[in-house]
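Chain by chain, the residues run as shown.
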Amino acid sequence: MKTILKSLLAITVLSVVFTSCGNGGSKKGAQGALSGSAAEKVYVAPGEHDEFYAFVSGGFSGQLAVYGLPSGRLFKVIPVFSVDAEKAYGFNEETKPMLNTSHGFIPWDDSHHPDISQTAGELDGRWVFINGNNTPRIAKIDLTTFETTEIIEIPNSAGNHSSSFVTENTEYVVAGTRFSVPYPQRDMPIEEYKGNFKGALSFISVDPEDGAMDLKFQIMMPGFNYDLSHPGRGKSHGWFFFTTYNTEEANSLLEVNASQNDKDFIAAINWKKIEEYVNNGGGTKAPTRYAHNVYNETTHTATSTIKEEVVVVDPSEVPGAIYFLPTPKSPHGCDVDPSGEYIIGSGKLAAELTAHSFTKMLAAIEGEKFDGEAYGIPILKYDEILAGAVKQPGLGPLHTEFDGQGNAYTTFFISSEVVKWKLGTWEVVDRKPTYYSVGHLMIPGGNSRKPFGKYVLAMNKITKDRYLPTGPEVTQSAQLYDITGEKMELLLDFPTIGEPHYAAGCPADLLKPNSKKIFKLEENEHEYAVKSEAEAKVVRDGNEVHIYMTMIRSHFAPDNIEGIQVGDKVYFHVTNLEQDYDVPHGISMIGANTSELLIMPGQTETFVWEPKQVGVWPFYCTDFCSALHQEMQGYVRVSPKGSSVPITYTLDGDAVDAE
Amino acid sequence: MKLKVLVVALVVAMVSSCGSDGKKSDKKAAPKEEKKEVVEVDPMKDKGIGPITSVTLTEIDQAMADKGKAVFSAKCSACHKMSKRFVGPALAGITERRTPEWIMNMILNPEEMVEKNPIAKKLLAEYLSPMANQSLTEEEARLILEYFRTVKEK
Ligand SMILES: [Cu+2]
């Protein structure tokens with residue numbers, strides 16, 4: 001009874017806070033609409049779990065953040081394309097290969113479009129994929145460990161933006177180039193862009209068993225900009241749709257010169273047809289260089305392989321596989337409704353939203369209703385494929401998601417709003433402001449056959465006055481709306497890491513039962529793992545010293561090491577012997593030019609220390625692990641180069657393996 | 001001295017307040033009970049709390065004991081030496097001090113044991129570092145028990 005009373009009180013207090021903020025803080029008075037019930041809808045009591053996971057990309061942070069919905073609480077930032085000192089990602093010896101590319105080690109990227117794997121068009125919760133824009137890459141995150149386990153670089157590509165969307169059974173994760181570039185890459189005058197630059201659309205196959213990625217083929221499209229894409233589903237499964245802009249093929253002042261044509265295109269690609277062509281030996285094996293990085297969960301170690309060949313397909317080789325759908329004014333978002341019938345193009349500069357019909361598209365192809373061609377690719381007649389248009393919906397349409405109830409939700413960047421409209425009748429049902437300049441929006445499963453149409457999350461580019469100021473750089477944010485009623489209801493604002501570019505969401509129950517708790521020591525095949533204190537040792541090999549160390553609450557073995565010399569390269573290979581949930585340990589060494597290690601139960605990680613000064617130097621556990629955490633420490637004695645102090649290592653004054 | 005007692009009480013309170021799996025029970029009671037806790041239970045009757053309710057012992061099975069020793073050195077020896085106190089108590093002769101069920105429950109269910117079982121609670125108060133759950137199977141715990149039966153106190 002008491003607890004009920006207490007939580008009631010808490011809710012009341014919270015609601016009061018919410019309401020009073022609304023009255024005080026708002027410039028537009030828009031928050032006045034926030035009622036106490038909004039607070040209740042996002043309130044997840046202490047110890048309770050959220051209903052949905054949201055994987056929100058970090059944009060220019062290069063990472064992927066995991067939030068709970070409806071609370072907006074941040075659970076984890078998964079390092080993907082950028083180094084993360086907290087988790088030693090890109091710092092320890094095991095994960096450095098993950099960030100290798102054909103340009104060498106790259107510590108950062110710009111992460112954009114997460115997409116959860118699907119089976120039969122529905123979210124299956126096995127992996128989430130995300131693209132790195134700048135040095136084109138696709139990453140795969142394993143949703144049992146919430147760790148990045150594979151990164152594949154995309155050759156012949158630049159500004160990898162129309163990526164990383166999966167087909168209905170995760171046959172492929174698809175990556176399209178934003179910038180067209182010379183193909184093959186070469187030293188040439190930029191003004192000779194037209195005709196010489198190509199836009200690569202890459203199809204990366206995903207092994208249905210273990211998720212292994214493989215760059216199966218690249219389609220070398222005309223030198224447009226390929227902006228976004230989505231797969232067909234249901235009846236349109238087997239096709240993929242890409243928006244294009246700069247069909248003018250301008251190479252300077254694009255903001256003017258790429259906005260000349262009345263219509264650009266959505267490229268419709270029959271990938272099944274091209275796959276068949278390639279499977280039968282079609283395409284050209286072209287020389288190239290790209291890195292393929294795989295993290296092995298058993299060895300706890302990543303390896304990077306440079307690949308030197310890719311199959312490229314010229315569209316003219318596979319007639320009948322690619323068509324252009326004219327779409328007004330530099331279309332950005334390219335979204336396919338749950339039935340697979342409607343392909344929505346959001347012309348950034350257009351006055352209306354365009355919906356193409358897949359059925360009509362097939363009929364137009366059949367009846368050869370063409371309006372000329374571009375580089376040999378037939379352009380379908382606009383009127384023949386149009387299903388309808390949403391008139392005067394707002395300014396600057398960007399992206400659309402679906403609730404599975406016949407409604408679509410589109411963001412408008414310039415007019416800062418989310419607009420709800422009806423598929424088929426194209427009428428606008430509701431509009432709600434966002435604060436401010438919304439980009440993508442996300443409904444869990446909202447780009448699959450089965451959306452979970454309870455909430456929509458809008459992700460904003462600008463927040464201005466919405467939060468306490470933090471100097472010139474202010475937080476970016478996401479906003480949660482309840483979409484269960486006829487009208488949308490704004491429930492919550494919450495700050496995000498980096499730029500919340502896009503997100504993927506799914507019911508928590510899809511992932512919760514599979515979430516890994518520990519790594520089994522028996523299964524640890526790390527080259528330098530030690531599975532009991534008795535095996536701990538220190539081995540000198542020239543000026544390299546390998547310390548095979550263990551950690552458990554709350555000591556290291558060994559914890560006293562002598563015989564190290566200035567100029568040595570000292571590898572700490574540290575195994576966490578714990579086999580219990582939520583007992584990581586950390587380790588850091590004074591003066592090591594790297595990050596700490598944060599080691600999960602049963603895992604082994606390595607850092608390198610090159611001592612530069614004689615002395616006795618301590619190391620310690622960085623993760624508060626038990627009541628005796630402050631006791632978890634050790635010493636390394638560093639002698640001058642050439643010293644005769646022998647290697648010894650002890651625990652409690654004894655050799656480590658003493659019974 | 002007083003400080004130490006305070007620390008113990010605090011730790012007990014901390015540990016009990018972060019019991020596993022986010023159970024929602026009200027856990028404010030602990031410190032007061034502390035004094036009354038003269039362990040009246042006969043340790044050789046206490047079966048502890050956990051999945052093991054009854055173990056029937058027959059003659060020592062040396063093959064099992066050998067396997068148990070291997071599991072013990074992999075999963076337990078970082079904290080326990082048989083003959084001397086280390087991070088945890090010395091374990092030689094443990095089967096003469098505790099029932100087989102209690103030992104196996106301590107291995108399989110240490111969080112609840114140190115939170116609720118009077119003997120285990122007292123041990124935690126003395127050792128401060130918690131007995132680790134090493135996620136063993138019942139079978140592995142049983143092998144270790146067999147190994148323990150072969151190591152008598154000197
Ligand atoms: Cu620790």
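In what follows, the structure referred to is the one given above.
Being a predicted model, the structure only gives us computed values, none of them experimental.

Draft legend 1. Expanded view of the overall build of chain A. Across its full length, chain A holds eight helices and 47 strands. A principal-axis box enclosing the C-alpha atoms of chain A has dimensions of 85 × 70 × 45 Å. Sequence separation of 24 or more characterises 63% of the internal contacts of chain A that already satisfy a separation of 6 or more. Taking the 54 positively charged and 85 negatively charged side chains of chain A as two groups, their mean positions are separated by 6 Å.

Draft legend 2. Main features of empty space enclosed by the protein. Residues and elements named next belong to chain A. In the structure shown here, the tally under the stated rule is two cavities of 30 Å³ or more. Here the residues of the lining of the largest cavity are counted per class, giving eight nonpolar, six polar and two charged. The space that makes up the second largest cavity amounts to roughly 40 Å³. For the second largest cavity, the full set of lining residues is Phe 165, Leu 228, His 230, Cys 334, Asp 335, His 399, Thr 400, Glu 401, His 440, Asn 447 and Tyr 502. Of all the elements in the fold, those that place two or more residues in the lining of the second largest cavity are β15 (225-231), β21 (331-336) and β27 (397-402). A total of three residues in the lining of the second largest cavity trace back to one element, the largest contributor, which is β27. Grouping the constituent residues of the lining of the second largest cavity by class yields four nonpolar, five polar and two charged.

Draft legend 3. Expanded view of the interface of chain B and chain A. Contact residues are listed per partner, giving 22 residues for chain B and 24 residues for chain A. In this assembly, chain B packs against chain A so that about 1,700 Å² is buried in total across both faces, 51% of it on carbon and sulfur atoms. In terms of surface lost to chain A, no three residues of chain B exceed Lys75(B), Ala78(B) and Gln134(B), which account for 24% of the buried area on that side. Our count for the chain B to chain A interface comes out at three salt bridges. Where Asp652(A) meets Lys84(B), a salt bridge forms, and the shortest distance between an N and an O atom there is 3.3 Å. Counting across the interface, chain B meets chain A through seven residue pairs in polar contact (both at pLDDT 80 or more). Ranked by the residues each element gives to the side of chain B that touches chain A, the list is headed by helix α3 (residues 62-75) of chain B, at three residues. Among the residues making up the side of chain B that touches chain A, the classes are represented as 10 nonpolar, six polar and six charged.

Draft legend 4. Here's a closer look at helix α8 (residues 138-150) of chain B. Residues and elements named next belong to chain B. For α8, spanning 13 residues, the distance from its first C-alpha to its last is 19 Å, which sits close to the expected 18 Å at 1.5 Å a residue. Residues Ala 141, Arg 142, Leu 143, Ile 144, Leu 145, Glu 146, Tyr 147, Phe 148 and Arg 149 constitute the buried set of α8. On its buried face, α8 sits against α3, α4 (94-97) and α5 (100-108).

Draft legend 5. The arrangement of the sheet that holds strand β26 (residues 386-391) of chain A in detail. Residue and element names in this part refer to chain A. With antiparallel pairing, four strands are arranged side by side in an open sheet as β21-β22-β23-β26. One side of each edge strand has no neighbouring strand; the edge strands of this open sheet are β21 and β26. With direction set aside, neighbouring strand axes in the sheet form an average angle of 20 degrees. In this fold helix α6 (residues 358-366) packs onto β22 (342-347), β23 (352-357) and β26, with an angle of close to 60 degrees to the strand it touches most, β23.

Draft legend 6. Representation of the side chain of Gln565(A). Topologically, Gln565(A) is positioned in strand β39 (residues 560-565). The residues contacting Gln565(A), other than those within four sequence positions of it, are Arg540(A), Pro611(A), Val638(A), Ser639(A), Pro640(A), Lys641(A), Gly642(A) and Ser643(A).

Parameters at a glance
- Residues numbered from 1 in each chain as written.
- Chains lettered and ligands numbered in written order.
- Predicted model: local features only at pLDDT ≥ 70, side-chain atom pairs only at ≥ 80, totals over all residues.
- Heavy atoms only, no water.
- Helix = DSSP H or I, 4+ residues; strand = E, 2+ residues; numbered from the N terminus.
- Contact = heavy atoms within 4.5 Å.
- Lys, Arg positive; Asp, Glu negative; His and termini not counted.
- Charge placed at Lys NZ, Arg CZ, Asp CG, Glu CD.
- 1 Å grid on protein atoms, 1.4 Å probe; cavity = no way out; pocket = protein on both sides within 12 Å on 5 of 7 lines; lining within 4 Å.
- Points joined across faces, edges and corners; volume = space filled by probe spheres on them.
- Nonpolar A, V, L, I, M, F, W, Y, C, P; charged D, E, K, R; others polar.
- Buried area = accessible area lost by both parts, 1.4 Å probe.
- Salt bridge = Lys/Arg side-chain N within 4 Å of Asp/Glu carboxyl O.
- Polar contact = N/O pair within 3.5 Å; in protein donor to acceptor, adjacent residues only side chain to side chain.
- Expected span 1.5 Å × (residues − 1).
- Buried < 20%, exposed > 50% of the residue type's maximum accessible area, 1.4 Å probe, protein only.
- Pairing = 2+ DSSP bridges.
- Axes fitted to C-alpha atoms, helices over the stretch in contact; angles between N-to-C directions.

Read these as spatial facts, not as claims about activity.
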